[in-house]
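# Understanding the architecture of this molecule
This is what each chain is made of:
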Amino acid sequence: MSADHIAQAVGLRIPGRRGGVGGRIPDLVVWSKAQADGVWLPTADVLLVVEIVSPGSEGTDTVTKRSEFAAAGIPQYWIVEQDPAQTVAMHRLAGERYEVRATMPLAWVLNTGPAEYDLG
């Protein structure tokens, strides 16, 4: 996977809560192929979104964004906690909802390759 498949803080177009189109800006996005430059990008080729939970955003990151990204059909959603181990909860889309596939320290994720956590 090359660097043009990964982006920080780019906007994704997702289904809005009341119909229509909304948007979210995840901390990290991984695509299956390079994307054109833009402020708001489609979710068609997104493999994974990652959120780093900040104090005060726990509910948004773990509930609201999780359901919005699932509705957009994004296959994986990882949440990085700010605990001492920087725990990563890896969620995989199962139907219309995410299920936790694995939970592990961020150090393990950073020291392994994509084949270890199956980005599809």
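The rules behind each value
Numbering of residues starts from 1 in each chain and follows the order in which that chain's sequence is written. Only residues with pLDDT of at least 70 get local features here, since the model is predicted, and only at 80 or more are side-chain atom pairs given and counted; chain-wide, interface and lining totals rely on the full set of residues. Side-chain measures were taken over the full set of non-hydrogen atoms in the model, leaving aside hydrogen atoms and water. Each residue carries a pLDDT value, the predictor's own confidence for that position, ranging from 0 to 100. Every helix listed is a DSSP run of H or I at least four residues long, and every strand listed is a run of E at least two residues long, numbered separately from the N terminus. Here a helix's expected span is defined as the number of its residues, less one, multiplied by 1.5 Å. Across the chain, bend at a residue is computed as the angle between axes fitted to the seven residues ending at that point and the seven starting from it. Each residue is placed in one exposure class: buried if its accessible area under a 1.4 Å probe, protein chains only, is under 20% of its type's maximum, exposed if it is over 50%, and partly exposed if it falls in between. What makes two residues a contact is simply this: any of their non-hydrogen atoms within 4.5 Å. Any two strands with at least two DSSP-identified bridges between them are counted as paired. Between N-to-C directions, angles cover 0 to 180 degrees, with each direction set by a line fitted to C-alpha atoms, over the stretch in contact for helices. Buried Ala, Val, Leu, Ile, Met, Phe, Trp, Tyr and Cys residues that are joined via side-chain atoms within 4.5 Å together make up what is termed a nonpolar core.

With 89% of its residues at a pLDDT of at least 70, the chain reaches an overall mean of 85. Of all helices and strands in the chain, the one with the weakest mean pLDDT is helix H3 (residues 114-117) (65), whereas strand E7 (residues 76-80) scores best (95).

With 14 residues, helix H1 (residues 58-71) should reach 20 Å at 1.5 Å per residue; the first-to-last C-alpha distance of 19 Å fits that figure. At lysine 65, H1 is bent by approximately 35 degrees, the largest bend along its length. Buried within H1 are the following residues: Asp61, Thr64, Lys65, Glu68, Phe69 and Ala70. Looking at the buried positions of H1, the neighbouring elements they touch are strand E2 (11-15), strand E3 (21-24), strand E6 (46-52), E7, strand E8 (87-94) and strand E9 (97-105). Trailing H1 by a residue or two, glycine 73 shows a phi angle of about 80 degrees, which is positive.

Moving on: the sheet that holds E6. The six strands lie next to each other as E1-E4-E6-E7-E8-E9, forming an open sheet whose pairing is mixed. Pairing within the sheet leaves two strands with one partner each, and these edge strands are strand E1 (6-8) and E9. Looking at each pair of strands side by side, their axes are set apart by 20 degrees on average, direction ignored.

Our focus in this paragraph is the environment of histidine 5. Examined against the element boundaries, histidine 5 turns out to sit in the segment before E1. With a relative accessible area of 16%, histidine 5 lands in the buried category. With 29 residues separating them in the primary sequence, histidine 5 and alanine 34 have C-alpha atoms 4.9 Å apart. Sequence-distant contacts of histidine 5, defined by excluding residues within four places in its chain, comprise Val29, Val30, Trp31, Ser32, Lys33 and Ala34.

Moving on, we come to the nonpolar core. Counting residues in hydrophobic clusters, the biggest one holds 17 residues, and the most contacted among them are Leu12, Val29, Trp31, Val46, Val49, Phe69 and Ile74. Secondary-structure elements contributing two or more residues to this core are E2, strand E4 (28-31), E6, H1 and E7. Listed in part, the twelve residues of the second largest apolar core include Leu47, Val88, Ala102 and Val109.

In space, the three strands of this open sheet follow the order E3-E2-E5, with mixed pairing throughout. At either end of the open sheet lies a strand with only one pairing partner, and these are E3 and strand E5 (40-41). Docked against the sheet, H1 engages E2 and E3, running at close to 130 degrees with respect to E3.

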